Amino acid sequence: MTRAMGTLLLLGLAGCATVRPWQRERLTARCMATDEPTSPAMYDAHVRAVRIGDVVAAGAGGGGCGCN
Amino acid sequence: MQLKPWRWVLVGVVGCGGPLPPRPRAEVTLHGGHYGDNDHVSVWSPSVRARVPVGRRVTVSASYGVDIVSAASVDIVASASRMNEVRHDTTAGAQVAVDDRTTVGVSGRDSRESDYLSDGVTLTVDRENAARTRTLHVEARGRWDRVGPGWVLQDRADLGVGTLAASLTQVLDRLTVLRFALQADVLSGYQASAYRYVPVGGQWFTEQVPELRVRGSGSARIQRSLRRNVSLLAEYGLSGDSWGLVAHSGEVGLRWEPAPWAMFDVRARVMAQNGASFYQGTYASLTEYRTRDRMLGPMEAFWPTASFRFDWPAWPAPPSWEVGVRGGWLHQQLEDYAPLRSRDAGTGEVWVTRWF
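Cut-offs and rules
Residues numbered from 1 in each chain as written. Chains lettered and ligands numbered in written order. Predicted model: local features only at pLDDT ≥ 70, side-chain atom pairs only at ≥ 80, totals over all residues. Heavy atoms only, no water. pLDDT = per-residue confidence, 0-100. Helix = DSSP H or I, 4+ residues; strand = E, 2+ residues; numbered from the N terminus. Contact = heavy atoms within 4.5 Å. Salt bridge = Lys/Arg side-chain N within 4 Å of Asp/Glu carboxyl O. Buried < 20%, exposed > 50% of the residue type's maximum accessible area, 1.4 Å probe, protein only. Core = buried A, V, L, I, M, F, W, Y, C linked by side-chain atoms within 4.5 Å.

Observations regarding the confidence of the model for chain B
Detail in the predicted coordinates should be disregarded across regions flagged by low pLDDT. Taken residue by residue, chain B gives an average pLDDT of 89. The fraction at 70 or more is 89%. Overall fold confidence (pTM) sits at 0.86, and the ipTM for the predicted complex is 0.82.

Some remarks on the environment of B:Ala301
Considering the arrangement of structural elements, one finds B:Ala301 in strand 16 (residues 299-312). Residues within four places of B:Ala301 in sequence aside, it is in contact with A:Ile52, B:Arg269, B:Val270, B:Met271, B:His331 and B:Gln332.

Focus on the pattern of salt bridges
All names here are of chain B. Per the counting criterion, the structure on display carries 32 salt bridges over all chains. Between aspartate 241 and arginine 213 there is a salt bridge whose closest N-O contact spans 2.8 Å. Note that aspartate 241 is positioned in strand 13 (residues 230-241) and arginine 213 in strand 12 (residues 212-227), a separation of 28 residues in sequence. For the pair formed by aspartate 241 and arginine 213, the shared burial category is buried. Put simply, Arg179, Arg221, Glu235, Glu251, Arg255, Asp265, Arg267 and Arg269 are held in one network by salt bridges that share partners.

Here's the deal with the nonpolar core
What tends to happen in soluble globular proteins is that the nonpolar side chains get buried as a cluster. The biggest cluster of nonpolar side chains holds 13 residues, and the ones touching the most others in it are A:Val47, A:Ile52, B:Tyr35, B:Val43, B:Met271 and B:Leu330. For this core, the elements supplying multiple residues, two or more each, are helix 2 (39-52) of chain A together with strand 16 of chain B. It is helix 2 of chain A that contributes the most residues to this core, three residues altogether. Not counting residues up to four positions away in its chain, the partners in contact with A:Ile52 are A:Val47, B:Met271, B:Met295, B:Met299, B:Ala301, B:Leu330 and B:Gln332. Judged by nonpolar contacts, the second largest core, of twelve residues, contains B:Tyr279, B:Leu334, B:Tyr337 and B:Leu340.

And the structure:
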């Protein structure tokens, strides 16, 4: 898994171009915002972790069970 | 003036950093969530969350929420004696902008219910490159849990969890952003359920699982602007642990802004896993490790959701208000779990955020 992720990372970084600030209009659009740790995102991660055990990288960091 | 070393560090971080970042705004969010499934489990989750800037460099945040759990699932209902349980979850933290490209943060968390206590701390560092096309996020977490059995934590057992995570977000071109994330978890201590018993040859035995679990996971996510007001995202995740459990997950999503004040977000997530090496649907004889935890068995899950957000004033002005709703349907297919072959749940959320 580590080797595959490393290969993907190298391919991704090798392919990136220099994007000037005035070329980022589409990237700064609201629909391109990354998922910040907002309340809805944290609820989503909590339900995934507790109900189906889906804990992937950058996922929930919560504690407690709440898992009856 | 003589200052102790740690005070020099504090002065350096708070008072003598690099260029100032843009002034953050205070915000308060009220959020309510509900989960209800055909396994007689219903969870209401109201919460409140606030972030307040203290000067230009420091932002403090806090949250409080509860999970009100009604009834109990089919695998533990025979031994669970209460029909309602409340979990209180409190967090508090601070973020310090060292300069306009670097942020460090610390936060603490306390989770309490009648038979489960959890306290944890998280340290984070975020660093952007000079061109602002790459962000590195590093996170270290530690958690100490105290688990029943018994509704008043008599004869409690401990569980310690350590996590190290990192992600790299990279602008690929004018339309595309890529993110890689890796995470390693070490769980040591009591990880079974005090209420879950395993039938072996007509008799019931307590659940037994290994006390050490080491887990690694990674994910890759790509987000691309299709039009000025439409974007697409796709994510793949893989995780595996020392118990032999391997899980694959994927998510696709579409965001659409029909107006500068509105946004639709449609997502679909799938997950598939094999079972832990010691998991059996039925145990013919007593084994060292045995479990009836369906989350350790082979399963597939499918979770489509749709949400709508209303922001005012409209983009590109910074919003003062946001109101959002989200609904979803979570389907689980349990491949080797006789009491319940599938589980269907409805999920719903509503939230209001006010910026000042």
